[in-house]
Amino acid sequence: TNQCIFISWVQFQCHLQLLEVSKYALKNRIILSSLMTIGQNLNSVDTWTHPEWFDFNYTIGAPPDIFSFQGQNWYYPAWNWGTMKESNFYWLRQQLNHREQYFQTAMFDH
């Protein structure tokens, strides 16, 4: 559809711009960092195409703290660590390898 083509074009433009920013940062001795969330949205391409990488019996969120006494449930499925290990952590390595083209470091966060 036209909408799918447009979204693909926008994503490609974002890729080109991020590459340009990354090259500028490296040239100017600036380190860019990527934040990887622990969990993926239920509607993400990863959960659709590889549901075996996720454990839909558990969801990810944030523990209780001074801002949220009950904690937060973001309804992201947890990673299926057994499947991740069996695949030699393919999904995680794929994510990090993709980010390498833009970022010099990565951090995991909830």
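Right above here is the structure, for reference.
Report on the accompanying structure. (Residues numbered from 1 in each chain as written. Predicted model: local features only at pLDDT ≥ 70, side-chain atom pairs only at ≥ 80, totals over all residues. Heavy atoms only, no water.)

### What to know about the environment of F89
Link 1 in the chain: By the secondary structure assignment, F89 is in the loop between α3 (81-86) and α4 (90-99).
Link 2 in the chain: Under the relative-accessibility criterion, F89 is labelled partly exposed at 30%.
Link 3 in the chain: If sequence neighbours within four positions are ignored, F89 has contacts with W81 and M84. (Helix = DSSP H or I, 4+ residues; strand = E, 2+ residues; numbered from the N terminus. Buried < 20%, exposed > 50% of the residue type's maximum accessible area, 1.4 Å probe, protein only. Contact = heavy atoms within 4.5 Å.)

### A look at unusual backbone geometry
Link 1 in the chain: In the Ramachandran plot, Y75 falls in the positive-phi region, its phi being about 60 degrees despite a non-glycine side chain.
Link 2 in the chain: Mapped onto the elements, Y75 comes out in strand β3 (residues 72-79).
Link 3 in the chain: You will see that N88, though not glycine, has its phi angle at about 60 degrees, which is positive.
Link 4 in the chain: For N88, the location among the structural elements is in the loop between α3 and α4.

### So, the environment of Q40
Link 1 in the chain: Looking at the secondary structure, you find Q40 in the loop between β1 (33-37) and α2 (45-49).
Link 2 in the chain: By relative accessible area, which is 16% here, Q40 ends up buried.
Link 3 in the chain: C-alpha separation for the pair Q40 and Y76, spaced 36 residues apart in sequence, amounts to 5.3 Å.
Link 4 in the chain: Residues in contact with Q40, not counting those within four places in the same chain, are D46, T47, F54, Y76, P77 and W91.

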